[in-house]
Amino acid sequence: AVVSTQSTGETVKQYVEELMLAVDPKVYPIDAGHEPIDFTSLFPFWEEREDVKRFSQEKAVTPAVTSGRRTSINTAYQLLTRTEYSLEELRQKPEGVDPAKLEDYLSEEEFMNVFGMHRKEFKELPEWKRNDFKILHKLY
């Protein structure tokens, strides 16, 4: 099963809150396939898979998350639970977004700049017209 980065971020934050750990503990966000040896050595039958590593590199969330550098849980949470992306980021189809509704992740201002109308007006258009707009702006 594929787990979204948003749900992963929320799970980690809930875990920290329930255990009442440090106010903002430091974590090491690591993409699948890039686990360090001190982690993998805890599992006697760990299997390194090149396909997972390649997929993970193609779908990297952000350099801050994928680099494996120590960061605060709050910073990692913010990166993993983003709800807004720029038009250029959405054209790359970031992990965790619904590819059929990329326009939903634009800020109000950028949505207006891209489509020239408010979200409500856009939603009221016939589906074929919305699809034409999404294709025009490479959000399909």
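Just above sits the structure.
In short, a report on the structure. Because the structure is predicted, anything quoted here is derived from the model rather than measured.

Thresholds applied
- Residues numbered from 1 in each chain as written.
- Predicted model: local features only at pLDDT ≥ 70, side-chain atom pairs only at ≥ 80, totals over all residues.
- Heavy atoms only, no water.
- Buried < 20%, exposed > 50% of the residue type's maximum accessible area, 1.4 Å probe, protein only.
- Helix = DSSP H or I, 4+ residues; strand = E, 2+ residues; numbered from the N terminus.
- Arc of directions from axis to C-beta.
- Contact = heavy atoms within 4.5 Å.

1. Quick notes on helix α7 (residues 108–115)
Now for step 1: Those residues of α7 that sit buried are F111, V114 and F115. All buried residues of α7 fall inside an arc of 75 degrees around its axis, so they share one side. Counted as exposed and oriented over 90 degrees from the buried face of α7: E109 and N113.
Now for step 2: Where α7 is buried, its residues contact α6 (87–91), α8 (119–124) and α9 (127–136).
Now for step 3: Of the residues one or two after α7, G116 is the one with positive phi, at around 70 degrees.

2. A word on α9
Now for step 1: Within α9 the residues assigned to the buried category are N131, F133 and K134. Down the axis of α9, the sector holding all buried residues measures 160 degrees, keeping them to one side. Among the exposed residues of α9, those oriented more than 90 degrees off its buried face are W128, I135 and L136.
Now for step 2: Looking at the residues trailing α9, positive phi occurs at K138, about 55 degrees.

Function-wise, these values are silent; they only describe arrangement.
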